[in-house]
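So the chains spell out like this:
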Number of protein chains: 2
Amino acid sequence: MDNFSFQCITKYCFGKDQRKTVGSRIKSFASKVLLVYGGGSIKRNGVYDDVTKSLKEEGISFVELSGIQANPTYEKVLEGIEIAKKEQVQLILAVGGGSVIDTSKAIAMGYYEADVWSFYERGGEVSNALPVATVLTIPAAGSEVSPDTVISYKGRKLGYSSQKIRPVVSVVDPVIFFTLPKNQIAYGVCDMMSHIFERYFTQTTHTELIDSLCEATLKTIMRNAYLLIKNPQDYEAWSEVSLAGSVAHNGFLGCGRIQDWGCHDMEHELSAQDCKVPHGAGLAVLTPNWMRHVYKENPKMFYQFAVNVMGIKADRDEEKTILRGIDKLRAFFTAIGLPATLTELGLGTNVLEEMAGKCVGNGHVGNFKPLFKEDVLEIYRKSL
Amino acid sequence: MDNFSFQCITKYCFGKDQRKTVGSRIKSFASKVLLVYGGGSIKRNGVYDDVTKSLKEEGISFVELSGIQANPTYEKVLEGIEIAKKEQVQLILAVGGGSVIDTSKAIAMGYYEADVWSFYERGGEVSNALPVATVLTIPAAGSEVSPDTVISYKGRKLGYSSQKIRPVVSVVDPVIFFTLPKNQIAYGVCDMMSHIFERYFTQTTHTELIDSLCEATLKTIMRNAYLLIKNPQDYEAWSEVSLAGSVAHNGFLGCGRIQDWGCHDMEHELSAQDCKVPHGAGLAVLTPNWMRHVYKENPKMFYQFAVNVMGIKADRDEEKTILRGIDKLRAFFTAIGLPATLTELGLGTNVLEEMAGKCVGNGHVGNFKPLFKEDVLEIYRKSL
């Protein structure tokens, strides 16, 4: 186990009707907030009414920024910063999924920093940020508990991370998820599983406790994903999946080990294409092919995955066990309605070379096996 | 799953030589601290030197309170409050195990509150507390990440809990644990397992994710406890056990469920006796007997424990499987050198009735099966 430090300051408020408590949860931080949301689904499902009523009850005034879309853009961030400054808000309240929350984090930074995009481009530590609170509307990205934000601008999709933008309060109310369409459920499930895979598959040795926590979380997600695809109004299944989605990405499961993140880097190139591949769909296509490409670097880890997570009967033939595990993961993705090929996503041979080049830049991505351009290209090709 | 809210603000700094970084970890909180420790083992094993050197390097001055013993007393708390006030310290730095940390938390409250003991007696929320930081010297109590403190006074051992006293920084450096005697290792292992049992065994339904995280943590503790009893200088085994001890008691594993705490309440009466039973030893004696007394209230939960944690082969005879699981837990405790009877602890028939009466007061303890005086007395008798 490697040395690490870990802190997650988010107050996590979980359960039925918790959306109605958001006002009291944030009133110690702000009397005026910027309410950020997406395309209006929160107006159809009543979440907007519940949240704004709760704000009013606590005497919290609010201004709004709506229309945040998947793969959120810097233009929306700039629009939000302008409103936040003009209206002198004290907190950014994100009511949405990863895109809305990531946009809100960028606005929170931009309240103090003149050039927010430069932090996505070059890193460094922001001087300050407004507090961010969230009401989650889709369990997937884990942004409700993470210090991370991903924004698209000038043809690039870049991430930034700072403890200063980790939400101070996150409300996770599983009832909100009842109206999600099945493809969104599946994308979310794949994204949160990938957040664990990126941490779980490591060359660091002696990582027993966190390995087993990863395995437990993955199994819980898979078991309950089946239930949700059958019945998206299963409160208990949503409770398990949404809590698991937060556990997957608050950072604890990455402690004490070298993490990978190769699949996320390869997927970002798919989402950056004109056909706007949903992040979870891209991950579903790539992940099993990534596994087949890298497992020989440390078969023990993939054997452990096959047996402990995918429930493959331990076989003396290590490789057979590993490949069965990967096949079973693919079968799971297919069973919950996820795509298996780039072709299904609308991508053809013509874009692979360029995507692979952009993905690795002048170096490599991933750590379990460092992936250079030819590795990424091979994984893309196998994914066609 | 029940509704819950959870927040653990502790910055957790883990790994080799982390004890040497404590100064830089706390300097944003304080330029003068009260250093609290126990009987002097930290002077023999070099931890005192490393910690004070780190403080000096960061220009942090300190005053000291030493001599904190197991089952810490209110007298020491009062002594600490006087020093803290007189010296105008800004943070309490606990270098020790649960007793030292719990004392430090009480001092932190007493800096602002005139009558600290009243909070242990009657609850309520303290107005304020100094920040507490810790350098852990024995993994067991989990106080390094918990909002809890237990203090003894006037023949009573009482607990208090407030988010205001959860440590702001905790340093866990497994190298420090190399010199612990084997009985202390075993007591610590039993205490942290009990912290999970008290949360795991519940009548709340649909608790799948956290059940499986509890199970994973328990198995990791047991596997590595065997290694430590063989070789107390096994760095990797200490890493697993000490991290698991913090996971066991930061509160997350109790989220969304009704917790029990009957064994802890019953054990506090043993520790309050003149023979000063070590907490972990008392828990080792009582826990399997508590299990036998209560399992019929919800056999499914104990069957799950037997199969998933203790590795008992699932048998169609549910009761046989459960009892095998409990027997195997007892065998584990024995294998790591823990006692199995009150007699070994120096307690006889004469004290049982009085202890049982004190334990339950006018009500009951525990929730999995509420334990009234006759239940507690029966468990004590079976433990003789």
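Since the structure is predicted, the reported quantities are computational estimates derived from the model, not experimental observations.

Colleague: Hey, could you run me through the overall build of chain A in this one?
Modeller: For chain A, the count of helices and strands is 15 helices and eight strands. In terms of overall size, chain A behaves like a compact globule, its C-alpha atoms giving a radius of gyration of 20 Å where 384 residues would be expected to give roughly 21 Å. Its C-alpha atoms give chain A principal-axis dimensions of roughly 65 × 45 × 45 Å. For chain A, with 384 residues in total, the buried portion stands at 56%. Restricting to contacts in chain A with at least 6 residues of sequence separation, those with at least 24 account for 78%.

Colleague: Honestly, the confidence of the model for chain A in this entry has me stumped. Any pointers?
Modeller: One rule of thumb: low pLDDT means the predicted coordinates there are not for detailed reading. Of the residues in chain A, 100% have a pLDDT of 70 or more, and the chain-wide mean is 97. At the level of chain-chain contacts, confidence expressed as ipTM amounts to 0.97, with global pTM at 0.97.

Colleague: Even after reading the chapter, I still don't get the pairing of strand β6 (residues 148-153) of chain B, so can you show me in this structure?
Modeller: Walk down a regular strand and you will see the side chains alternate between the two sheet faces. All names here are of chain B. Burial runs high along β6: five of the six residues are buried. One ladder, built from six bridges, connects β6 with strand β7 (residues 156-161); its direction is antiparallel. From the neighbouring strand, Ser152 faces β7, where its bridge partner is Lys157. Between the antiparallel neighbours β6 and β7 lie two residues, among them Lys154 with a positive phi of about 50°.

Colleague: Explain the domain arrangement of chain A to me, please; I cannot follow it from the model alone.
Modeller: Accessible area lost on assembly of the parts is the figure often given for the size of an interface. All names here are of chain A. As far as domains go, chain A holds domain 1 (11-175) and domain 2 (180-382). The straight-line distance from the C-alpha centre of domain 1 to that of domain 2 is 27 Å. Every contact between the two is made by 17 residues of domain 1 and, on the other side, 25 residues of domain 2. A breakdown of the residues in the side of domain 1 that touches domain 2 according to their chemical character gives 11 nonpolar, four polar and two charged.

Colleague: Can you walk me through the interface of chain A and chain B in this structure?
Modeller: On the chain B side, the residues contacting the 32 residues of chain A number 32 residues. Going through the elements one at a time, β1 (4-14), α8 (208-230) and α9 (235-249) of chain A are the ones with two or more residues in the side of chain A that touches chain B. When residues in the side of chain A that touches chain B are grouped by element, the largest group, 11 residues, is from β1(A). For the side of chain A that touches chain B, a count of residues per class yields 13 nonpolar, 12 polar and seven charged. Alignment of β1(A) against strand β1 (residues 4-14) of chain B, held across seven bridges, turns out to be antiparallel. Each residue of the ladder has a partner; that of Phe4(A), found in β1(B), is Phe14(B).

Colleague: Explanation requested: the relation of the copies chain A and chain B in the structure shown.
Modeller: Copy one and copy two of the chain differ by a rotation about a common axis and a shift along it. With an RMSD of 0.0 Å, the operation that places chain A on chain B is a rotation of 180° combined with a shift of 0.0 Å along the axis. Such a combination of turn and shift is consistent with a two-fold rotation axis. Within chain A, the C-alpha atom positioned nearest to the axis of rotation is that of Ile9(A), 2.3 Å from it. Here 100% of the contact residues of chain A are again contact residues in chain B; the copies associate through an equivalent surface.

Colleague: Can you help me understand the environment of Ile336(A) in this one?
Modeller: Residues and elements named next belong to chain A. Here Ile336 lies in the loop between α13 (318-335) and α14 (352-360). Classification of Ile336 by C-beta neighbours within 10 Å gives partly exposed; the count is 19. Spatially, the C-alpha atoms of Ile336 and Cys190 are 9.7 Å apart, while their sequence positions differ by 146 residues. When near neighbours in sequence (up to four residues on either side) are disregarded, Ile336 contacts Ala186, Val189, Ala225 and Ile229.

Colleague: Before we go on, may I ask you to explain helix α9 (residues 235-249) of chain B in this structure?
Modeller: An α-helical turn contains 3.6 residues, so any two residues separated by three or four positions project in the same direction. All names here are of chain B. Compared with an ideal rise of 1.5 Å per residue, which puts 15 residues at 21 Å, α9 spans 21 Å between its outermost C-alpha atoms and is within 8% of the ideal. Across the 15 residues that make up α9, a large majority, 13, are buried. Within two residues after α9, Gly251 carries a phi angle of roughly 105°, on the positive side.

Colleague: Quick question: what am I supposed to make of the sheet that holds strand β5 (residues 132-136) of chain B here?
Modeller: Think of a sheet as strands paired side by side through backbone hydrogen bonds, with each pair either parallel or antiparallel. One open sheet accounts for 12 strands, arranged β3(A)-β2(A)-β4(A)-β5(A)-β8(A)-β1(A)-β1(B)-β8(B)-β5(B)-β4(B)-β2(B)-β3(B); its pairing is mixed. A strand with exactly one partner marks an edge of an open sheet, and here the two such strands are β3 (61-65) of chain A together with β3 (61-65) of chain B. Shown here is a sheet whose adjacent strand axes are inclined to one another by a mean of 25°, direction ignored. Lying over the sheet, helix α5 (residues 98-110) of chain B contacts β2 (32-37), β4 (91-96) and β5 of chain B, oriented at roughly 170° with respect to β4(B).

Colleague: Is there a simple way to think about the packing of helix α10 (residues 262-271) of chain B against helix α14 (residues 352-360) of chain B in this case?
Modeller: Two packed helices can be described by the angle between their axes and the distance between those axes. Residues and elements named next belong to chain B. Contact geometry of α10 with α14 gives a least axis separation of 9 Å together with a crossing angle of 130°. Between α10 and α14, the angle is such that the two are oblique. Between α10 and α14 the crossing geometry is right-handed. The residues of α14 that touch α10, namely those facing Asp265, Met266 and Glu269, are Met355, Lys358 and Cys359.

Colleague: Can you walk me through helix α5 (residues 98-110) of chain A in this structure?
Modeller: Between the first and last C-alpha of α5(A) there are 18 Å, a value that for 13 residues agrees with the 18 Å anticipated at 1.5 Å per step. Most of α5(A) is tucked away: 13 of the 13 residues are buried.

Colleague: Help me understand the environment of Ala94(B), please; the structure alone is not making it clear to me.
Modeller: All names here are of chain B. Along the chain, Ala94 falls in strand β4. In sequence terms Ala94 and Val135 are 41 residues apart; their C-alpha atoms lie 6.2 Å from each other. Contacts of Ala94, omitting those with residues within four sequence positions, involve Val36, Val100, Ile101, Ser104, Val132 and Thr134.

Colleague: Could you clarify how one ought to interpret the environment of Val95(A) in this entry?
Modeller: Residues and elements named next belong to chain A. Looking at the element boundaries, Val95 is found in strand β4 (residues 91-96). C-alpha separation for the pair Val95 and Ala244, spaced 149 residues apart in sequence, amounts to 19 Å. Once you skip the residues sitting within four places of it in the chain, Val95 turns out to touch Leu35, Tyr37, Ile42, Val47, Val51, Val100, Val135 and Thr137.

About the criteria used
Residues numbered from 1 in each chain as written. Chains lettered and ligands numbered in written order. Predicted model: local features only at pLDDT ≥ 70, side-chain atom pairs only at ≥ 80, totals over all residues. Helix = DSSP H or I, 4+ residues; strand = E, 2+ residues; numbered from the N terminus. Rg over C-alpha atoms; globule rule 2.2 N^0.38 Å. Buried ≥ 20, exposed ≤ 12 C-beta atoms within 10 Å, placed from the backbone. Contact = placed C-beta atoms within 7 Å. pLDDT = per-residue confidence, 0-100. Pairing = 2+ DSSP bridges. Domains from an automatic or database assignment. Nonpolar A, V, L, I, M, F, W, Y, C, P; charged D, E, K, R; others polar. Least-squares fit on C-alpha atoms with pLDDT ≥ 70 in both. Expected span 1.5 Å × (residues − 1). Axes fitted to C-alpha atoms, helices over the stretch in contact; angles between N-to-C directions. Parallel < 35°, antiparallel > 145°, perpendicular 65-115°, else oblique. Left-handed = near helix turned anticlockwise from the far one by under 90°.

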